[in-house]
Amino acid sequence: MKLIIARHWPVPVILLLSLTALNWYRGDTLIAGGDNYTLLNPTVLYNDFIHTWSERINFGTPNLQTSVLFPLISFYVFLSKLNLSLPFIQKLWSVSVLFVTGFSVYLLFSHCRKPNGRELATGQKWGALGAAALYMLNVWVMIDVISPVTRLAAALLPLFVLFWIKGLEAERVSLRYSLFIGLLSLFQSSTYAHPASIVAAVLANALLTLLFLLQKRRYLHTFKLLFLTGSVFAAFNLWWFLPYVLSFRDLYGAVEMAAKTYNFLDFTPIFDTFRFLGFWAFRDWYDLANKIPHVPFAHYYYEAGFLILSYLLSLLALSAIYLRSRNRYVIYFTLLGLFGLFFSKGINPPFGAFYQLLFDRLPGFTAFREPFARFTVLQVFSLSLLLGFA
């Protein structure tokens, strides 16, 4: 046991950092509300969400959020049967998701630095801890600390990338890594209430696949892995996906019209995105006449001290491009970060017209009506890993 702790001492530190989530609460109060419907008591929806239709919710229309049943609602139901209080369960959920967020980055960084499984050097362990700490605790996370969609998707993203890397690099196509990705997709099901949440993992692995093919040219191996993983993914997610598609096809026109009528395409200037900011409410007023902002503390993020610190942190992470320029993973995370930076800014310059074209012409792209909420995770993820390399 002592040998394991000595070899992986960053893990207990990550666990301690995850306890930061307890500071988000005041006594036994609950965090609720928001666009992603953080619920006071998710257990009351269990009987409704096991069906695709209920007369009690959505005014009798089909329920497009059955995927929230697992793991979020099931987590609450199971622990409630143990007579644990709702405030305790919510705190446990928050701490658990935050720990997985850091631990998954630690595992990914360890593989990227020592793909043969050898122990990391002391400096590399500090790099792994730095990457995990930045990914766990940053201004993007602090904007919405308990979102059941954003936080869970971000927590599992590094593991999706890790197992895809292992699958691509394996000598033979293995069902093992496809099963791991299938299980991850199952444990991410609660985020599929907003299907665009899965796009970060898809884009990250798509770029990884492209770079792998350019370097290794293992086309047949990659095709087999894609087919196998896609089949496993479908098997694990058909329970929510099929009723979602059958129901959503009748609602698509109304949803698309609403997204095009009210969107946040121009709320994220590129200089904010560079430091993980760009949330629309930071630059909007709840009551303009009386100067009442949506977010009372938003102005602190634009004061000189915080501006300097936030930009220095991003620049420090980008120094890995110079220090480790020949490392293939540094190249990958740099390209992925640039992709996230470009799309997070929406229709703002430079080349904002390209995003506007996609939004207007590409079917389904209206799901990205708030670019900051969907693409910033790619930049946070990439810069966190690059900080570890630096």
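All values derive from a computational prediction rather than experimental measurement.

Student: Can you lay out the packing of aromatic side chains for me, pointing to particular residues and giving the numbers?
Tutor: Applying the stated criterion across every chain, the model contains 31 aromatic pairs. Residues Phe 264 and Phe 267 carry aromatic rings whose centres are separated by 5.7 Å and whose planes lie at 65° to one another, so their mutual orientation is edge-to-face. For Phe 264, a relative accessible area of 7% corresponds to the buried category. Geometrically, the ring pair formed by Phe 365 and Phe 368 is tilted, given 5.0 Å between the ring centres and 50° between the ring planes. The pair Phe 365 / Phe 368 is uniform in exposure class, with both members buried.

Student: How would you summarise the nonpolar core if you had to cite specific residues and measurements?
Tutor: By size, the foremost hydrophobic cluster in this structure holds 100 residues, and its most contacted members are Leu 108, Val 161, Phe 333 and Phe 381. A per-element tally of this core places helix 8 (residues 150-169) first, with 13 residues. Other than its neighbours up to four places away in sequence, Leu 108 contacts Pro 158, Val 161, Leu 162, Ile 165, Phe 333, Phe 381 and Leu 385. Core analysis: the second largest hydrophobic core is formed by six residues, Leu 64, Tyr 192, Ile 198 and Trp 240 among them.

Student: Outline the side chain of Ser 67, supporting the account with residue identities and numerical values.
Tutor: Relative to the helices and strands, Ser 67 is located in the loop between helix 3 (46-49) and helix 4 (72-80). Ser 67 sits in the buried class, given a relative accessible area of 1%. With sequence-adjacent residues up to four places away left out, Ser 67 is seen in contact with Ser 189, Ser 190, Tyr 192, Ala 193, Trp 239 and Trp 240.

Student: Go over unusual backbone geometry, please, and point to the residues and values.
Tutor: In this model, Phe 70 is joined to Pro 71 through a cis peptide bond whose omega is 5°. Here Pro 71 lies in the loop between helix 3 and helix 4. The omega torsion across Pro 349 and Pro 350 is 5°, close enough to zero to call that bond cis. Position of Pro 350 relative to the elements: it lies in the loop between helix 16 (328-344) and helix 17 (352-361). Unlike most non-glycine residues, Asn 83 shows phi in positive territory, near 65°.

Student: Could you give an account of helix 2 (residues 10-18), naming the residues involved and the relevant values?
Tutor: Taken together, the buried positions of helix 2 are Pro 10, Val 11, Ile 14 and Ser 18. Angular distribution of buried residues about the axis of helix 2 spans 100°; they occupy a single face of the element. Elements that come into contact with the buried residues of helix 2 comprise helix 5 (86-113) and helix 6 (122-136).

What counts and what doesn't
Residues numbered from 1 in each chain as written. Predicted model: local features only at pLDDT ≥ 70, side-chain atom pairs only at ≥ 80, totals over all residues. Heavy atoms only, no water. Phe/Tyr/Trp six-rings, centres within 6.5 Å; stacked < 30°, edge-to-face > 60°. Buried < 20%, exposed > 50% of the residue type's maximum accessible area, 1.4 Å probe, protein only. Core = buried A, V, L, I, M, F, W, Y, C linked by side-chain atoms within 4.5 Å. Helix = DSSP H or I, 4+ residues; strand = E, 2+ residues; numbered from the N terminus. Contact = heavy atoms within 4.5 Å. Arc of directions from axis to C-beta.

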